[in-house]
Amino acid sequence: MAMGLAVEDALLRPDNRVLVDIRRFTGSIDWGMIRDLRRHAPWSTNAQNSVRCAYLLPDNYPRFLTILASFYPGAKHRAFKDDASALRWLVQVPASACA
């Protein structure tokens, strides 16, 4: 529902930067829902890699990033252990934008 509202308010753009913190997550993941979220982000499958997704992951989630990257191949995905490193990476300007 939140993604649908963000689309309606034009808050989702092809160059979004996303920080996902699941370090304290407990429970199960609805992979079908994560796959279905692609309908709100049709640009997530393009090859431009302008979307950056940083993940703060617990140690017991080694395959989480690989699975998400397969659902959203048009984004750059990277895992981090601390907020500061993730935020630094998210705000970096790609070299191609500086040319």
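Overview of the structure. (Residues numbered from 1 in each chain as written. Predicted model: local features only at pLDDT ≥ 70, side-chain atom pairs only at ≥ 80, totals over all residues. Heavy atoms only, no water.)

1. Topic: the packing of aromatic side chains
Applicable threshold: Two rings from Phe, Tyr or Trp (for Trp, the six-membered ring) form a pair when their centres are within 6.5 Å of each other. A pair whose planes differ by under 30 degrees is stacked, one over 60 is edge-to-face, and the rest are tilted. Burial here depends on accessible area, computed with a 1.4 Å probe over protein chains only, as a share of the maximum for the residue type. Under 20% is buried, over 50% is exposed, and the range in between is partly exposed. Two limits define a charge over a ring: the Lys NZ or Arg CZ must be within 6 Å of the ring centre, and within 35 degrees of the ring normal.
Across all of its chains, the model carries 4 aromatic pairs by this definition. Here the aromatic rings of tyrosine 55 and phenylalanine 64 are separated by 5.9 Å at their centres, their planes lie at 80°, and the arrangement is edge-to-face. Owing to a relative accessible area of 7%, phenylalanine 64 belongs among the buried residues under this scheme. Seen in terms of ring centroids, phenylalanine 80 and tryptophan 89 are 5.7 Å apart; in terms of plane orientation they differ by 45°. Their pairing is tilted. When sorted by exposure, phenylalanine 80 lands in the same class as tryptophan 89, which is buried. Here the aromatic cluster, defined as three or more aromatic residues joined through ring pairs, consists of Trp31, Tyr55, Phe64 and Phe71. Note that arginine 52 overlies the ring of tryptophan 89, its terminal NZ or CZ placed 4.9 Å from the centroid.

2. Some points on the sheet that holds strand β1 (residues 17-21)
Rules: Criterion used throughout: strands pair if DSSP finds at least two bridges between them. Secondary structure elements are taken from DSSP: a helix is a run of H or I of four residues or more, a strand is a run of E of two residues or more, and numbering for both begins at the N terminus. Only the stretch in contact is used when fitting a helix axis, every axis being a line fitted to C-alpha atoms; angles between N-to-C directions are given from 0 to 180 degrees.
Pairing within the open sheet is parallel, and its 3 strands lie in the order β1-β2-β3. Each having just a single partner strand, β1 and β3 (75-80) make up the two edges of the open sheet. With direction set aside, neighbouring strand axes in the sheet form an average angle of 15°. As defined by bridge partners, β1 adjoins strand β2 (residues 51-56) across 5 bridges and the pair is classed as parallel.

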